[in-house]
Amino acid sequence: MRMWIDSNTKRYVPVDEDLVIGIVVDKRTEDYRLDVRGPSYGVLSALSFEGATKRNKPKLEIGSLVYCRVSNSYRDAESELSCLSLTYKKGWMTGQAVFGELEGGHMIETSIGYARSLLLPENVVVNCLGRHLAYEIAVGCNGRIWIKSDSVAKTILIANAIRNAEYDELICADPC
C-alpha cells in the first residue's frame, strides 16, 4: 500500500508506477534522458515503447514531451522510465497507445499536490471542463500537465482554467 502526504511542493521525487511527463534533454543510440522535475534525470529506453523493435522505434527529438511511467525509482541514481502499459496493449505507431510522445498541445506546470488531485475521478475542474469542451489531457504526478484541443484559443482557455483553479478555494462544489 502506497501512501503520501499531499502538499503544494514544486519538487518531485520519483516513485515507482507514477505517471510523469518528461522533456527529452539528451538522446543516445539506445535510450533518452528525460527531465522529470526530479533530483536527477530519468532514462527511457528506445525499446520501452509498446511494439518497438531495434529496427522500428520512435525517434524523439530534444525538447519532445513524453508521457511515461516510472518503472524503477532509485534514491541516488537516475530513474528508469517506460512507455509500456501494464493493461492497455496498443502499439506506439497506431497513435492509440496510452504512453508515448505528446505531439502538439501545450504544457503547463503546477504544484505536485494539485496535479495529483487532477488525477482523481471526482475532480471538479476536469469534469466541468469536459462537459463543455472537447480536449485531451495528460496529467503527470510530477506537476506537468499537457493539454490539446481543436484550436489554440480553446487550449489556452483550458490551460488558464486549470492553472487558476489551483489557487481558487471557492471551487469546492460542482458549479456546472
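By convention here, each chain's residues receive numbers from 1 onward along its written sequence. Only residues with pLDDT of at least 70 get local features here, since the model is predicted, and only at 80 or more are side-chain atom pairs given and counted; chain-wide, interface and lining totals rely on the full set of residues. To obtain the side-chain values, all non-hydrogen atoms of the structure were included, while hydrogens and water were left out.

S.K.: What's the story with helix α3 (residues 152-165) in this structure? I'm lost.
M.R.: Along an α-helix, residues three or four positions apart point the same way, because every turn accommodates 3.6 residues. Where helices and strands are cited, they refer to DSSP runs of H or I of at least four residues and of E of at least two residues respectively, numbered from the N terminus. Working rule for helices: expected span equals 1.5 Å times residues minus one. Its 14 residues place the ends of α3 20 Å apart at the C-alpha level, agreeing with the 20 Å of an ideal helix rising 1.5 Å per residue. Along α3, the residues classified as buried are Thr155, Ile158, Ala159, Ile162 and Ala165. An end-on view of α3 places all buried positions within 140 degrees of arc, on one side of the element. Across α3 from its buried face, at more than 90 degrees, point the exposed residues Val152, Ala153 and Asn164. Residue contacts follow a heavy-atom distance rule, with two residues in contact if any of their heavy atoms lie within 4.5 Å. Against the buried residues of α3 lie β7 (106-109), α1 (112-118), α2 (124-132), β8 (135-139) and β9 (144-149). Exposure is judged per residue with a 1.4 Å probe applied to protein chains only, and the accessible area is read against the type maximum: over 50% gives exposed, under 20% gives buried, and values in between give partly exposed. Think of the arc as the fan of directions from the helix axis to the C-beta atoms.

S.K.: Is there a simple way to think about unusual backbone geometry in this case?
M.R.: Note: most peptide bonds trans; most residues except glycine with negative phi. For Glu17, which is not glycine, the phi torsion reads 70 degrees and is therefore positive. Residue placement: Glu17 occurs in the segment before β1 (19-27).

S.K.: Got a minute to help me understand the pairing of strand β5 (residues 79-83) in this structure?
M.R.: The side chains of a regular strand alternate between the sheet's two faces. Counting buried residues along β5, four of its five residues qualify, which places the element largely inside the surrounding structure. Here strand β4 (residues 65-72) runs beside β5; their pairing, made up of three bridges, is antiparallel. Considered in β5, the bridge of Asn72 is made with Glu80. Between β4 and β5, which pair antiparallel in sequence order, lie six residues. A pair of strands is considered paired only if DSSP assigns at least 2 bridges between the two.

S.K.: Honestly, the pattern of salt bridges in this entry has me stumped. Any pointers?
M.R.: For side chains bearing opposite charge, pairing can occur when the charged atoms are close. By definition here, a salt bridge exists when the distance from a side-chain nitrogen of Lys or Arg to a carboxyl oxygen of Asp or Glu is within 4 Å. Inspection of the entire model under this criterion finds 10 salt bridges. In this structure, the salt-bridge partner of Arg28 is Asp26, at a minimum N-O distance of 3.6 Å. When its relative accessible area of 28% is taken as the criterion, Asp26 is described as partly exposed. Among the ionic pairs, Arg144 bridges to Asp35, the shortest N-O distance being 3.2 Å. Here Asp35 lies in strand β2 (residues 31-35) and Arg144 lies in strand β9, a separation of 109 residues in the sequence. We classify Arg144 as buried; its relative accessible area is 2%. Linked by salt bridges that have partners in common, Asp35, Arg37, Glu109 and Arg144 make up one network.

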